Amino acid sequence: MTYCIAASIDEGLVLVSDSRTNAGIDNVSSYSKMHVFDTPADRKLILLSAGNLATTQAVLEQLHRDKVKEAEVNLNNVECLSAAANYLGQVSVEKQKQHKEAAGQNAFDPSASFILAGQINHETHGAFMIYPQGNSITTSANTPFLQIGEIKYGKPVLDRFLKPETSLNEAARCCLVSMDSTVRSNASVGPPIELLIYRKDSFKLDEYYCFQDDDAYMLGLRRQWEDQLREAFAKLPMLDKKYVKPLIAKL
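Let us look at the structure shown here. Not measured: the values here are computed from a predicted model.

About the thresholds
- Residues numbered from 1 in each chain as written.
- Predicted model: local features only at pLDDT ≥ 70, side-chain atom pairs only at ≥ 80, totals over all residues.
- Heavy atoms only, no water.
- Helix = DSSP H or I, 4+ residues; strand = E, 2+ residues; numbered from the N terminus.
- Expected span 1.5 Å × (residues − 1).
- Buried < 20%, exposed > 50% of the residue type's maximum accessible area, 1.4 Å probe, protein only.
- Contact = heavy atoms within 4.5 Å.
- Pairing = 2+ DSSP bridges.
- Axes fitted to C-alpha atoms, helices over the stretch in contact; angles between N-to-C directions.
- Core = buried A, V, L, I, M, F, W, Y, C linked by side-chain atoms within 4.5 Å.
- 1 Å grid on protein atoms, 1.4 Å probe; cavity = no way out; pocket = protein on both sides within 12 Å on 5 of 7 lines; lining within 4 Å.
- Points joined across faces, edges and corners; volume = space filled by probe spheres on them.
- Nonpolar A, V, L, I, M, F, W, Y, C, P; charged D, E, K, R; others polar.
- Disulfide = S-S within 2.5 Å.
- Phe/Tyr/Trp six-rings, centres within 6.5 Å; stacked < 30°, edge-to-face > 60°.

**With respect to helix H2 (residues 81-103)**
Moving on, step 1. Its 23 residues give H2 an end-to-end C-alpha distance of 33 Å, which sits within 8% of 33 Å, the value for a rise of 1.5 Å per residue.
Moving on, step 2. Among the residues of H2, Leu-81, Ala-84, Ala-85, Tyr-87, Leu-88, Gly-89, Val-91, Ser-92, Lys-95, Gln-96 and Ala-103 are the ones counted as buried.
Moving on, step 3. Buried residues in H2 make contact with strand S6 (43-51), helix H1 (53-68), strand S7 (112-120), strand S8 (126-130) and strand S9 (136-138).
Moving on, step 4. Following H2 by one or two positions, Gly-104 has its phi on the positive side, about 65 degrees.

What follows is the structure, encoded as structure tokens:
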């Protein structure tokens, strides 16, 4: 499984991804799911991936090939992020179709989903989630983040704390707590954990982190989060018996 997060807030972007792939309990390995493209100085684009690894690699190869061959549409010449997302969706659908046809009637699922984030020219920075069907959505003021993969364990903390006005540093810590919560609850998501912070209009990707599970920072983050949760839980109001109601048998 996989878990990837992209937060698009006023100050820029925060991207977090795990690196574990799982094809069974005896076939666990690590592949980076955060992909940075070599593009002209007027754009910075980052791709997060989840789903079938063969499809993901085929899509990445096609995107690279189109850039090298200067195809009519490629990541170096699209005019905006939404156009890049549409292009990526088309490539993804094509590769899934090829893999499905090659597999025949086998129960093979070639689906993959992506988050494309970055900034092109003077357009506002942003992020798009591309579904396996090729269509996409972007963030909003009410939901300034996107998730792919195993999303349910890490979503509550994002819902509670991530706002457009959240600072990049706070958003980064929030996303790391979301990732750690997922790692804690799902063995198919695991380190190394990659974190990339992009500051709007900088066109620089120089704030990249890669954490192992036993790194001092991650251990400290996990311990302090758990301690604060326990302390908060202990302060919750006790049940009040004035709310007790008679129980009526229904069977």
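**What to know about the sheet that holds S7**
Moving on, step 1. Taken in spatial order, the 5 strands of this open sheet run S5-S6-S7-S8-S9, and their pairing is antiparallel. The sheet is open, and its two edges are formed by strand S5 (34-36) and S9, each paired on a single side. Each strand axis lies, on average, 20 degrees off the axis of its neighbour in the sheet, ignoring direction.
Moving on, step 2. Pairing of S5 with S6, which is carried by 3 bridges, proceeds in the antiparallel orientation. Bridging across to S6, His-35 finds its partner in Leu-47.
Moving on, step 3. The sheet contacts of H1 involve S5, S6 and S7, and relative to S6 the element is tilted by about 160 degrees.

**So, the nonpolar core**
Moving on, step 1. Core analysis: the biggest nonpolar cluster contains 25 residues, and Val-14, Val-16, Leu-158, Leu-162, Cys-175, Leu-176 and Leu-195 have the highest contact counts within it.
Moving on, step 2. Elements supplying a minimum of two residues to this core: strand S1 (3-9), strand S2 (12-17), helix H3 (155-161), helix H4 (168-185), strand S11 (193-199) and helix H5 (216-234).
Moving on, step 3. Broken down by element, the residue count for this core peaks at 8 residues, all from H4.
Moving on, step 4. For Val-16, the contacting residues outside a window of four places in its chain are Tyr-3, Cys-4, Ile-5, Met-34, Leu-48, Cys-175, Leu-176, Met-179, Ile-193, Glu-194 and Leu-195.

**Regarding empty space enclosed by the protein**
Moving on, step 1. All chains considered together, the criterion is met by 1 cavity of 30 Å³ or more.
Moving on, step 2. Looking at the largest cavity, its volume works out to about 40 Å³.
Moving on, step 3. Around the largest cavity, the lining residues are Met-179, Asp-180, Val-183, Ile-193, Asp-213, Met-218 and Arg-222.
Moving on, step 4. Within the residue set of the lining of the largest cavity, elements represented by two or more residues are H4 and H5.
Moving on, step 5. With 3 residues, the top contributor of residues to the lining of the largest cavity is H4.
Moving on, step 6. When grouped by side-chain class, the residues that make up the lining of the largest cavity number 4 nonpolar, no polar and 3 charged.

**A look at the state of the cysteines**
Moving on, step 1. According to the stated counting rule, one finds 0 disulfides in the structure shown.
Moving on, step 2. Sulfur of Cys-174: no disulfide; nearest cysteine sulfur belongs to Cys-175 and is 5.7 Å away.
Moving on, step 3. Considering cysteine sulfurs only, Cys-4 is the nearest to Cys-210, which forms no disulfide, with 13 Å between them.

**Some remarks on the sheet that holds S2**
Moving on, step 1. Strand order across the open sheet formed by 5 strands is S10-S1-S2-S11-S12, with antiparallel pairing between neighbours. With one partner strand each, in any of the chains shown, strand S10 (145-149) and strand S12 (207-211) form the two edges of the open sheet. For this sheet the average axis-to-axis angle between neighbouring strands, irrespective of direction, equals 10 degrees.
Moving on, step 2. Sheet topology places S1 next to S2; 6 bridges connect them, and they run antiparallel.

**Notes on the layout of surface pockets**
Moving on, step 1. A volume near 300 Å³ is recorded for the second largest pocket.
Moving on, step 2. Together, Val-157, Phe-161, Glu-170, Arg-173, Cys-174, Val-177, Tyr-217, Gly-220, Leu-221, Gln-224, Trp-225 and Gln-228 line the second largest pocket.
Moving on, step 3. When residues of the lining of the second largest pocket are traced back to their parent elements, those giving at least two are H3, H4 and H5.
Moving on, step 4. When residues of the lining of the second largest pocket are assigned to their parent elements, the largest contribution, 6 residues, is made by H5.
Moving on, step 5. Here the lining of the second largest pocket is composed, by residue class, of 7 nonpolar, 3 polar and 2 charged.

**Looking at the packing of aromatic side chains**
Moving on, step 1. Tallied over the entire structure, the rule returns 3 aromatic pairs.
Moving on, step 2. Their ring planes at 80 degrees and their centres at 6.4 Å tell us that Phe-161 and Trp-225 sit as a pair that is edge-to-face. Residue Phe-161 is found in helix H3, and its partner Trp-225 is found in helix H5; the two are separated by 64 residues along the sequence.
Moving on, step 3. Phe-161 gets classed as partly exposed once you look at its relative accessible area, which sits at 46%.
Moving on, step 4. Their ring planes at 10 degrees and their centres at 5.9 Å tell us that Tyr-209 and Phe-211 sit as a pair that is stacked.
Moving on, step 5. Three or more aromatic residues joined by ring pairs form one cluster here, namely Tyr-209, Phe-211 and Tyr-217.

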